[in-house]
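Spelled out from the first residue to the last, the chains are:
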Amino acid sequence: MRDSVRQAAPDWRLATIVHSPGAEAPRQWSGARSTPRVLIATAICLAIVAIAAASAPACVHWFLLPVFVCGVVCCLDGMLLFSGDGRNLFQPVPLLGAFGFYFFFIAPIMHVAVDYWFTSEPWAPQDAPEDWRTWLGLMATINVVGLGLYKLLYPHFTRLFQPRQTRTFSQLNVKALKSYGAMITITMFLLQVYIYYEFGGVGGFVDTFSSRAGHRWFAEFSGLGWLFTLAESFPLLLVIMCSVLFKNHLRRIHPLTLLAYIGATFVLVLLFGGLRGSRGNTIYTIAYIIGIVHLTVRPLRGKLLVWIGCASLLFMYIYGFYKSNPTVFGDPITLINTVTSSESRAQLEKTSGRSLQAVLLGDLDRSDLQAYLLFRLLQEGSDVKLAYGRTYVEGALNFVPYRIFQYRPPGKLMYGTDAVFGPGTYKPGSRVSLKIYGLAGEAMLNFGPYSGAFAFILLAAAVGYVEGLSRRVSRSSDSRCYFLPILSIACVVFLSSDLDNVIFLLSQHALVPFILIKICSSSAHSARAVS
């Protein structure tokens, strides 16, 4: 083991993860149930409700009651991000709590306050609820039940996925990483060079993406999915190698210098995947990189998440213009003038349909869509056809190469389009809804309105698995540390997106790093047992 990475685990990881054999796992999140935290979370939610009711009279409605309960439950967990000197920064429960506070509490109130609904889009269903607040309240009630099941069950799933006793851990071997890791990383780099070469360079790639009229971009990119997946893993592989080979240097440098290094990877992420117009892909990769630094190099503070969130929101807003008009990014000076000018920015928002409001209440939220789906399902004489699991089958089969298995059953595209816009609306290639329904929304699309709450059992299982893995990791040199950030991020995506989005996230960001780490890892014995 001379060439293996050896490093003493930070005190906070040993204190929260390593236990004596046979001992009961500590109640890691018990602090969230203490009286002071409950009072603080309740006060925060009450203050927001009071401000909303005072500034927007439409918010004075019973829908605030279940929404308020969701807010308190999520705020309790989300507050943990800012405690413990950042040790909870990439744990799934605090991440879900922070995101859920916006997803279940802030967003529904904002919808009512600003009267923004997806039915105001150019292509929208004809019928809409007379009073959206009623359906937001009913959907929030389903979410209260779902969150209750999640809070009740995830500790049990954590114990289920946590082994009773083990004295070994997986450790990265520096010698193997220098050889195999270098070869794999260089191969991924050359694959991206090949992609740009096939499209006539970076400019030709952007031109192909911009010429979406007539679906030319789809025809050009079709069949390259797995090639994109492999090539776009280059930034992650490079960061993993640097976190091992230059760990001592990265620990000694000034925090601002470290942040500058992380910022430099942003350019790489744009070149390796970002130019395809996927804002989520770019943000998830940067978040994964920050998680790797946090867990394997040096812990970061919870306050960093606030800055990351603000920067991500700004990026999603500005980069939305790239998706609608990539040529805007061709000249940096023109781009700066356009973004800083209120008139030019308003014109871009009008032509692209991508305003800051659309980012906050469209891209980051599913409240109105799930409420509308509930409205359609509970309508008298509802004509919505349930998918009965077909959207999940389709989501899984989409990632099986067509040459291996050609069968593709109708799934989310057909059932989602017909459920929202009416039976018979779906026409492949011309009338297709690409909306994302979220965990509860996709469950209702398959099994009816009351299944939305029970879908949270799957979320509890996913969180329990990641929590169990976290408690099995005994030190920061354990190679399994590299999986924790992306798995915690996947739990958040699991809540807000559909199954195919979760599978895409894991295949895009975890597959190649998993292969690299497995090849370059070996078992080592620990002096202490891990419960």
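Residues numbered from 1 in each chain as written. Predicted model: local features only at pLDDT ≥ 70, side-chain atom pairs only at ≥ 80, totals over all residues. Heavy atoms only, no water.

### Examining the overall build of the protein
- Counting its secondary structure elements, the protein contains 26 helices and 2 strands.
- Across the 531 residues in the protein, those meeting the buried criterion constitute 53%.
- The long-range fraction of contacts in the protein, counting pairs at least 24 apart against all pairs at least 6 apart in sequence, stands at 79%.
- In the structure as shown, the protein presents an accessible area of about 24200 Å², 64% of it carried by carbon and sulfur atoms. (Helix = DSSP H or I, 4+ residues; strand = E, 2+ residues; numbered from the N terminus. Buried < 20%, exposed > 50% of the residue type's maximum accessible area, 1.4 Å probe, protein only. Contact = heavy atoms within 4.5 Å. Areas by Shrake-Rupley, 256 points an atom, 1.4 Å probe, with all protein chains shown as cover.)

### Looking at the pattern of salt bridges
- Counted by the stated rule, this structure contains 6 salt bridges.
- Ionic pairing is found between Lys151 and Asp77, a salt bridge with its closest N-O pair at 2.9 Å. Note that Lys151 is positioned in helix H5 (residues 132–161) and Asp77 in helix H3 (residues 64–78), a separation of 74 residues in sequence.
- Residue Lys151 is classed as partly exposed on the basis of its relative accessible area, which comes to 25%.
- Bridged by salt links that share partners, the residues Lys412, Asp498 and Asp500 form one connected network. (Salt bridge = Lys/Arg side-chain N within 4 Å of Asp/Glu carboxyl O.)

### Points about the confidence of the model for the protein
- Residues of the protein with pLDDT of at least 70 account for 80%, and the chain-wide mean is 81.
- This model gives residues 213–219 a pLDDT under 50, and the stretch forms 8 contacts once residues within four places in sequence are excluded.
- Note that residues 527–531 has pLDDT below 50 and, in this model, 25 contacts with residues that lie over four places away or in other chains. (pLDDT = per-residue confidence, 0-100.)

### A look at a nonpolar patch on the surface
- A surface patch of nonpolar side chains, amounting to about 650 Å² of accessible area, comprises Tyr180, Met183, Trp226, Leu511, Phe514, Ile515 and Ile519.
- Of all the elements in the fold, those that place two or more residues in the nonpolar patch are helix H6 (174–198) and helix H26 (511–519). (Patch = residues over 30% accessible without salt bridge, like charges linked within 9 Å, V, L, I, M, F, W, Y side chains within 5 Å.)

### A look at unusual backbone geometry
- Despite not being glycine, Asp115 has its phi angle at roughly 55 degrees, a positive value.
- Mapped onto the fold, Asp115 is located in the loop between helix H4 (92–114) and H5.
- Its identity is not glycine, yet Tyr388 carries a phi of approximately 50 degrees, on the positive side.
- Here Tyr388 is to be found in the loop between helix H18 (367–378) and helix H19 (390–397).

### Here we look at the packing of aromatic side chains
- One pass over the full model with this rule turns up 18 aromatic pairs.
- Geometrically, the ring pair formed by Phe104 and Phe456 is tilted, given 6.1 Å between the ring centres and 40 degrees between the ring planes. Of this pair, Phe104 sits in helix H4 while Phe456 sits in helix H23 (residues 456–472), and the two are 352 residues apart along the sequence. For the pair Phe104 and Phe456, a shared accessibility class is recorded, and that class is buried.
- Three or more aromatic residues joined by ring pairs form one cluster here, namely Trp117, Phe118, Trp132, Trp135, Tyr372 and Phe375. (Phe/Tyr/Trp six-rings, centres within 6.5 Å; stacked < 30°, edge-to-face > 60°.)

### Considering the packing of H23 against helix H24 (residues 484–496)
- The geometry of H23 relative to H24 is characterised by a closest axis approach of 10 Å and an angle of 170 degrees between their N-to-C directions. When the axes of H23 and H24 are compared, the pair comes out roughly antiparallel. Residue-level inspection shows Phe456, Leu458, Leu459, Ala462, Val463, Tyr465, Val466, Leu469 and Ser470 of H23 in contact with H24, the latter providing Leu484, Leu487, Ser488, Cys491, Phe494 and Leu495.
- When the residues that make up the contact of H23 with H24 are grouped by side-chain class, the tally is 13 nonpolar, 2 polar and no charged. (Axes fitted to C-alpha atoms, helices over the stretch in contact; angles between N-to-C directions. Parallel < 35°, antiparallel > 145°, perpendicular 65-115°, else oblique. Nonpolar A, V, L, I, M, F, W, Y, C, P; charged D, E, K, R; others polar.)

### Notes on the side chain of Thr285
- Tracing the backbone shows Thr285 in helix H13 (residues 279–296).
- Note on Thr285: relative accessible area 5%, which makes it buried.
- Once residues lying within four places of it in the same chain are set aside, the contact partners of Thr285 are Leu236, Val269 and His509.

### Side note on the nonpolar core
- Ranked by internal contacts, the top residues of the largest apolar core, which has 139 residues, are Tyr150, Phe456, Leu459 and Leu495.
- When sequence neighbours within four positions are dropped, the list of residues in contact with Leu495 reads Leu96, Phe99, Phe103, Phe104, Gly438, Leu439, Phe456 and Leu459. (Core = buried A, V, L, I, M, F, W, Y, C linked by side-chain atoms within 4.5 Å.)

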